[in-house]
Amino acid sequence: MTLEILYFAWLRERIGLPRETVTTEAATVADLVAELRAREDRYALAFSDLASVRVALDQDLAEFDAPLAGVREVAFFPPMTGG
Amino acid sequence: MQIRVQETPFDYGAESARFTDGCNGIGAVVTFCGIVRNDGGALQAMEIEHYPGMTERALAQIAEEAARRWTLADCLIIHRFGRMAPGEKIMMVATASAHRADAFAAADFLMDYLKSRAPFWKKEFSGDSAEWVAAKDADEAALGRWG
């Protein structure tokens, strides 16, 4: 499966990319995070504390145990600070 | 329901007037405006990043939820992104209803939800430092008020 992965705010800065296309067999968001962490230190650092990371699947907020089947766009970002 | 996400400044007075004039048969309008605050005077600028597409979608969902909970004639959300100086207006909400209770409650609800459920991130620039604003536990806790 091919996923478009987006990063925002300090996750984007730590990873050094706003978005990338990833081919993966990860079944859940947590599996995908484990794959990304294993890639390089900058990913491991960005995902070192999942309590401060939020995820959206196809632009809807989701949990880390959510399945990725049928998903096209995954976004990782810190807790939101709008208003 | 009117949702606008934009980089350019907006005219709070004109937007409030246009919103109010556009509603028929109402008895109350509540407006709120968020402004770049300069605590201690050191802040030079604030930059707001957002997630184009999801931002509009999240704001629409929040506005739809407000319209389900209260009787509203209309509501307006304008939120800026990009770089802003202290004193600049960041965002506004307006709600219109027959009576003030619904208009106040819906505006309060919109603000609570768009602080922690709409994908915006603030970065503050002061002196040589640039820091992402951390989300406050109180903002997350505020959502509990609405059940």
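Higher on the page you've got the structure.
The model shown is predicted, which means the values in this text are computed figures rather than measured ones.

Let's shift gears to helix 2 (residues 54-69) of chain B. In this model helix 2 of chain B runs 23 Å from its N-terminal to its C-terminal C-alpha over 16 residues, within 8% of the 22 Å that 1.5 Å per residue would give. Taken together, the buried positions of helix 2 of chain B are occupied by B:Met54, B:Thr55, B:Ala58, B:Leu59, B:Ala60, B:Ile62, B:Ala63 and B:Ala66.

A separate point is the packing of aromatic side chains. A full pass over the atoms with the stated rule returns 11 aromatic pairs over all chains. Geometrically, the ring pair formed by A:Phe8 and B:Tyr51 is tilted, given 4.6 Å between the ring centres and 35° between the ring planes. Highlighted residues: A:Phe8 in the loop between strand 1 (2-7) and helix 1 (9-15) and B:Tyr51 in the loop between strand 3 (45-50) and helix 2, drawn from two different chains. Each of the two residues, A:Phe8 as well as B:Tyr51, counts as buried. Each residue in the set A:Phe8, A:Phe77, B:Tyr51 and B:Trp121 is aromatic and connected to the rest through ring pairs, giving one cluster. Looking at A:Arg39, its charged tip hangs above the ring of A:Tyr43, at a distance of 5.0 Å from the centre.

Right, let's talk about the sheet that holds strand 5 (residues 73-77) of chain A for a bit. Strand pairing in a sheet relies on backbone hydrogen bonds, with the paired strands running either antiparallel or parallel. Residues and elements named next belong to chain A. Taken together, five strands build an open sheet; the order of strands is 2-1-5-3-4 and the sheet is mixed. Pairing within the sheet leaves two strands with one partner each, and these edge strands are strand 2 (19-23) and strand 4 (60-62). Pairwise comparison of adjacent strand axes, ignoring direction, gives a mean angle of 30° for this sheet. One ladder, built from four bridges, connects strand 3 (residues 54-57) with strand 5; its direction is antiparallel. The residue bridging Leu57 from the neighbouring strand is Val74, located in strand 5. With respect to the sheet, helix 2 (residues 29-39) is in contact with strand 1, strand 2, strand 3 and strand 5, its orientation differing from that of strand 5 by roughly 65°.

Here is what the cut-offs are and how they apply
Residues numbered from 1 in each chain as written. Chains lettered and ligands numbered in written order. Predicted model: local features only at pLDDT ≥ 70, side-chain atom pairs only at ≥ 80, totals over all residues. Heavy atoms only, no water. Helix = DSSP H or I, 4+ residues; strand = E, 2+ residues; numbered from the N terminus. Expected span 1.5 Å × (residues − 1). Buried < 20%, exposed > 50% of the residue type's maximum accessible area, 1.4 Å probe, protein only. Phe/Tyr/Trp six-rings, centres within 6.5 Å; stacked < 30°, edge-to-face > 60°. Lys NZ or Arg CZ within 6 Å of the ring centre and 35° of its normal. Pairing = 2+ DSSP bridges. Axes fitted to C-alpha atoms, helices over the stretch in contact; angles between N-to-C directions. Contact = heavy atoms within 4.5 Å.

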